Amino acid sequence: MGSTISFTDFGARIVDWVVDGKSIVLGFDSVEEYMTKDIYTGATIGRTSGRIKEGLVEISGKTVQLEQNERRQNLHGGAENFASKTWNIEIFDGPDFAGIHFDLTSLAGENGYPGNMKIRVTHTFDENGKWTVSYEASSDTDTIFNPTNHVYFNLNGTASQSIDNHRLRLSASHFVPLLDHTQVVRGEISKVGDTAFDFRTEKNLKEALKSDEEQITMVGGIDHPFVLDVPELDIEQARLSLDDLSISVYTDRPAIVIFTANFGDRGVEYRGQRQVHHGGITFETQVSPGSQQIPELGDITLKADQPYQSTTVYQLNKG
Ligand code: GAL
């Protein structure tokens, strides 16, 4: 269907996805730019995604202090994280797809996390425009693990146009409100009904982004976990559309963090185009951040020698 996709071993990340000559994801042209402009763009995030309040977790009855790299919180696994590692790669293919295994060893104690871990992220892309990300991992000691991918979509084909002209549908009746500017969770799971966060019926993103509800204005847009009603891989969990292009998201994870690139006038240049406020949108599939404060969100414990496996699919649709 006339589309190509590219990855790099730096951060096991997606760099580009070109559909009929148009880049529908954000990416830079060099490692240097990822290091100086935005390390998370398109990257594999880990060991854990999102904010862990004060970097404090309990693992098998023991309190563990993780690196605090954003104010007092641990964000995206610490300052040096999966996104800033060079992964080993192995390329393979099948009759109608190509894939890359990305492998990494993460040593016990790194950023405060227990357990020597082996992590494999596999990206595959098939002839029907289906990008699959799967995660496999194991640890030799009980630890926590909650990776994601931080791809920014912008179906306009440029970071210099807001995604507020896109439509969004989500299979989520609940979201997780944030406390304040620290963006840790407030402590409860809320219904989306009668809020800007209700995307159960497709609506324009502009409608939510221009809302004066406190949860939106507090962070300058959407930067929230959505709790999926039925977190199964064969159910379309999200659909982002613009004109005749759309991306459907499928996942077995219980939540998706949606971040609408609320960078105000701090946007960086992507492929020569300065990113505007809301110049991209992520679908970060994971256990919602805040599971230490709200156990109903799920458990990110990974027991010693227990295999971790999860899968997320981004399907391109045309017409
Ligand atoms: C998102 C997070 C945002 C921001 C971003 C990285 O996952 O929710 O608040 O930190 O990553 O720029």
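One can find the structure itself at the top, above this paragraph.
Draft legend 1. How the structure looks around the packing of aromatic side chains. In this structure the tally under the stated criterion is 18 aromatic pairs. Seen from their ring centres, tyrosine 152 and phenylalanine 259 are 6.2 Å apart, and the 50 degrees between their planes marks the pair as tilted. Taken as a pair, tyrosine 152 in strand 15 (residues 152-153) and phenylalanine 259 in strand 23 (residues 255-259) lie far apart in primary sequence, 107 residues in all. For the pair tyrosine 152 and phenylalanine 259, a shared accessibility class is recorded, and that class is buried.

Draft legend 2. Structural detail: the site of the ligand. Taken together, Tyr40, Arg51, Leu75, His76, His150, Gln183, Asp223, Phe259, Phe263 and Glu284 make up all the residues around the ligand. Glutamate 284 places a side-chain nitrogen or oxygen 2.6 Å from an oxygen atom of the ligand. Contact with the protein chains removes 89% of the 310 Å² of surface that the ligand exposes when unbound. In this structure, the ligand is accommodated by the largest pocket. The residue makeup of the shell around the ligand, split by class, is four nonpolar, three polar and three charged.

Draft legend 3. How the structure looks around empty space enclosed by the protein. Throughout the structure, instances matching the rule amount to two cavities of 30 Å³ or more. Roughly 50 Å³ of volume is contained in the largest cavity. Around the largest cavity, the lining residues are Thr48, Ser49, Arg51, Ile52, Asn146, Val287, Ser288, Pro289, Gly290, Ser291, Gln292 and Ile300. What the second largest cavity holds in volume is close to 40 Å³. Taken together, Gly46, Arg47, Gly77, Glu80, Asn81, Phe82, Ser106, Glu110, Asn111 and Tyr113 form the lining of the second largest cavity. Counted by class, the lining of the second largest cavity contains two nonpolar, five polar and three charged residues.

Draft legend 4. Spatial organisation of the sheet that holds strand 21 (residues 238-242). Pairing is antiparallel in the open sheet, where nine strands are placed in the order 9-10-11-12-29-22-21-16-19. On the outer flanks of this sheet lie strand 9 (88-93) and strand 19 (203-204), each paired with one strand and no other. Sheet topology note: the strand 16 (residues 167-170)/strand 19 ladder contains two bridges and is antiparallel. In the strand pairing of strand 19, arginine 167 is matched with asparagine 204.

Draft legend 5. Quick peek at the layout of surface pockets. In this structure, the largest pocket occupies an estimated 590 Å³ of space. If you trace the largest pocket, you find 33 residues lining it, with Arg51, Leu75, Gln183, Asp223 and Phe259 closest to the centre. Breaking the lining of the largest pocket down by element, the ones donating at least two residues are strand 20 (223-227), strand 23 and strand 27 (284-286). In terms of residue count, strand 20 provides more of the lining of the largest pocket than any other element does, three residues in total. Taken together, the residues of the lining of the largest pocket break down into 13 nonpolar, twelve polar and eight charged. If you add up the space inside the second largest pocket, you get close to 160 Å³. Lining the second largest pocket, in full, are Val57, Glu58, Ile144, Ser291, Gln292, Pro295, Gly298, Asp299, Ile300 and Thr301. Of the residues belonging to the lining of the second largest pocket, the class tally is four nonpolar, four polar and two charged.

Procedures and definitions
Residues numbered from 1 in each chain as written. Predicted model: local features only at pLDDT ≥ 70, side-chain atom pairs only at ≥ 80, totals over all residues. Heavy atoms only, no water. Phe/Tyr/Trp six-rings, centres within 6.5 Å; stacked < 30°, edge-to-face > 60°. Helix = DSSP H or I, 4+ residues; strand = E, 2+ residues; numbered from the N terminus. Buried < 20%, exposed > 50% of the residue type's maximum accessible area, 1.4 Å probe, protein only. Near = heavy atom within 4 Å. Polar contact = N/O pair within 3.5 Å; in protein donor to acceptor, adjacent residues only side chain to side chain. Areas by Shrake-Rupley, 256 points an atom, 1.4 Å probe, with all protein chains shown as cover. 1 Å grid on protein atoms, 1.4 Å probe; cavity = no way out; pocket = protein on both sides within 12 Å on 5 of 7 lines; lining within 4 Å. Sits in = over half its atoms within 2 Å of the grid points. Nonpolar A, V, L, I, M, F, W, Y, C, P; charged D, E, K, R; others polar. Points joined across faces, edges and corners; volume = space filled by probe spheres on them. Pairing = 2+ DSSP bridges.

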